[in-house]
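# Structural features, examined
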Amino acid sequence: MIVTIDGPAGSGKSTAARGLSERLKFEFLDTGAMYRCVARAVIQQNIDLTDEQAVVKISQQITIAFSDAKVLLNGEDVSLSIRTPEVTEAASLVAQYPAVRQELVHLQRQAAKDIDIVSEGRDQGTVVFPDAFCKFFLVAVPQERARRRFEELQAQGKTTTLSEILQQIEERDQRDEQRTVAPLKPADDAIEINTSDLTIDEVLNQLEQIVRSRINSTTHEQDSEGNL
Ligand code: DC
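Here we summarise the structure given alongside this text. For clarity, every value in this text was computed on a predicted model and none was experimentally measured.

To continue, consider the overall build of the protein. Helices and strands together make up the secondary structure of the protein, namely nine helices and eight strands. Taken over C-alpha atoms, the radius of gyration comes to 18 Å for the protein, in line with the 17 Å a tight globule of 228 residues would show. Structurally, the protein occupies a C-alpha span of about 65 × 40 × 35 Å along its principal axes. Counting the 228 residues in the protein, one finds 44% classified as buried. Within the protein, counting contacts between residues at least 6 apart in sequence, those at least 24 apart form 75% of the total. Taken as a whole, the protein presents about 12000 Å² of accessible surface, with 48% of it coming from carbon and sulfur. The positive charge centre, built from 25 side chains, and the negative charge centre, built from 37, are 3 Å apart in the protein.

Attention now goes to helix α7 (residues 142-155). In this model, α7 (14 residues) spans 20 Å end to end at C-alpha, consistent with the 20 Å of a helix rising 1.5 Å per residue. Buried within α7 we find Glu144, Arg145, Ala146, Arg149, Phe150 and Leu153. Among the structural elements, α4 (85-94) and α8 (162-178) are those in contact with the buried residues of α7. Downstream of α7 by a residue or two, Gly157 has a phi angle that is positive, lying close to 80 degrees.

Bringing the site of the ligand into the picture now. Near the ligand, the surroundings consist of 17 residues, among which Arg36, Arg101, Arg122, Asp123 and Arg179 are the closest. One of the side-chain N or O atoms of Arg101 is found 2.8 Å from an oxygen atom in the ligand. In this structure, Asp123 approaches the ligand through a side-chain N or O atom, which is 2.8 Å from a nitrogen atom. The fraction of the free accessible surface of the ligand (450 Å²) that becomes covered by protein chains is 97%. When residues of the shell around the ligand are traced back to their parent elements, those giving at least two are α2 (31-44), α4 and α8. Among the elements that line the shell around the ligand, the one with the most residues is α2, at four residues. By residue class, the composition of the shell around the ligand is three nonpolar, five polar and nine charged.

Looking now at the pairing of strand β6 (residues 117-121). For β6, the tally of buried residues reaches five of five residues, placing the bulk of the element in the interior. Every second residue of β6 is oriented toward a common face, with Ile117, Ser119 and Gly121 on one face and Val118 and Glu120 on the other, all of them buried. Bridge count between strand β1 (residues 2-6) and β6: five bridges; the pairing is parallel. The partner of Ile5 across the bridge, within β6, is Glu120. By the bridge criterion, four bridges tie strand β2 (residues 27-30) to β6 in an arrangement that is parallel.

Moving on to the nonpolar core. Cys37, Val38, Val55, Ile62, Ile82, Val100 and Leu104 are the most contacted members of the largest nonpolar core, which totals 33 residues. Mapped onto this core, the elements with two or more residues apiece are α2, α3 (52-61), β4 (70-73), α4 and α5 (98-111). Among residues more than four places away in sequence, those in contact with Ile82 are Ala33, Arg36, Cys37, Arg40, Val71 and Val87. Core analysis: the second largest hydrophobic core is formed by 18 residues, Leu24, Phe28, Phe136 and Leu207 among them.

Moving on: unusual backbone geometry. Positive phi, normally seen in glycine, also occurs at Asp68, with a value near 50 degrees. On the basis of relative accessible area, Asp68 is assigned to the exposed category, the value being 71%. With phi around 65 degrees, Ala69 is a residue other than glycine that occupies positive phi space. Its location among the elements puts Ala69 in the loop between β3 (64-67) and β4. Looking at Ala69, the relative accessible area reads 68%, which means it is exposed.

Before going further, it helps to spend a moment on the sheet that holds strand β5 (residues 76-77). In space, the three strands of this open sheet follow the order β3-β4-β5, with antiparallel pairing throughout. Of all strands in the sheet, those bounded by a partner on one side alone are β3 and β5. With two bridges connecting them, β4 and β5 associate as antiparallel partners. By the bridge assignment for β5, Leu72 is matched with Asp77.

This next bit is on the sheet that holds β2. For sheets, the rule is that strands pair by backbone hydrogen bonds, running either parallel or antiparallel. The strand order across the open sheet built from five strands is β2-β6-β1-β7-β8, with neighbouring strands paired in parallel fashion. Edge positions in the open sheet fall to β2 and β8 (191-194), since each of these has one partner strand only. Neighbour to neighbour, the strand axes of the sheet diverge by 20 degrees on average, direction disregarded. Examined bridge by bridge, strand β7 (residues 134-139) and β8 share four bridges and lie parallel to one another. Paired with Phe136 across the bridge in β8 is Ile191. Seen against the sheet, α2 touches β2 and β6 and runs at an angle of roughly 40 degrees to β2.

The rules we used
- Residues numbered from 1 in each chain as written.
- Predicted model: local features only at pLDDT ≥ 70, side-chain atom pairs only at ≥ 80, totals over all residues.
- Heavy atoms only, no water.
- Helix = DSSP H or I, 4+ residues; strand = E, 2+ residues; numbered from the N terminus.
- Rg over C-alpha atoms; globule rule 2.2 N^0.38 Å.
- Buried < 20%, exposed > 50% of the residue type's maximum accessible area, 1.4 Å probe, protein only.
- Contact = heavy atoms within 4.5 Å.
- Areas by Shrake-Rupley, 256 points an atom, 1.4 Å probe, with all protein chains shown as cover.
- Lys, Arg positive; Asp, Glu negative; His and termini not counted.
- Charge placed at Lys NZ, Arg CZ, Asp CG, Glu CD.
- Expected span 1.5 Å × (residues − 1).
- Near = heavy atom within 4 Å.
- Polar contact = N/O pair within 3.5 Å; in protein donor to acceptor, adjacent residues only side chain to side chain.
- Nonpolar A, V, L, I, M, F, W, Y, C, P; charged D, E, K, R; others polar.
- Pairing = 2+ DSSP bridges.
- Core = buried A, V, L, I, M, F, W, Y, C linked by side-chain atoms within 4.5 Å.
- Axes fitted to C-alpha atoms, helices over the stretch in contact; angles between N-to-C directions.

Structure (structure tokens):
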């Protein structure tokens, strides 16, 4: 069973997807971390981000693994180093290349094979898992998304301003929404949830309730068919 959660940065989808996977006892797949791994490897190897062929080659050479909530790039724990502003910016650039996406989409589908999973990203409901059991699209007003990111960075001791973050978020949104391959957009059958004024528990309660009631009605339908 696959549940997808897509949405822009700061919409709360990572926290929601992780929390929902715990409540449902499903696996959790952070696909943004995979694009971040490609970006990190490209930076590490001093490759020009605009050299599409070289970036694609890197995406085909690296190994990405998730283990005990850690992200491993070629066996190295990069859980923290893929969250720097430099990698964040670069990830949005490498995510524009169709062959990079093709490579990662393949890995994402493999990761979800034969297991129950909550998969989080930008294109999970539209491109990667079009037949997912339940699809969500989380949104929040840009000011609120910037505020969340600001608090996150402050907690890490980084100096920045709210207006700087707001500007970066708007630039990234534009790039993610306007790219030709798999742009950020809700699937036609996605349920949209605006998290601007909701606590994380409120978001999780809504998501869990929707998934569970869908599971119940599917089981019920199967029962009645079996009884016919
Ligand atoms: O969710 P995130 O901020 O960790 O994602 C990092 C970048 O990767 C972001 O710019 C969008 C891109 N991305 C994507 O294009 N498709 C995905 N499924 C996940 C992330």
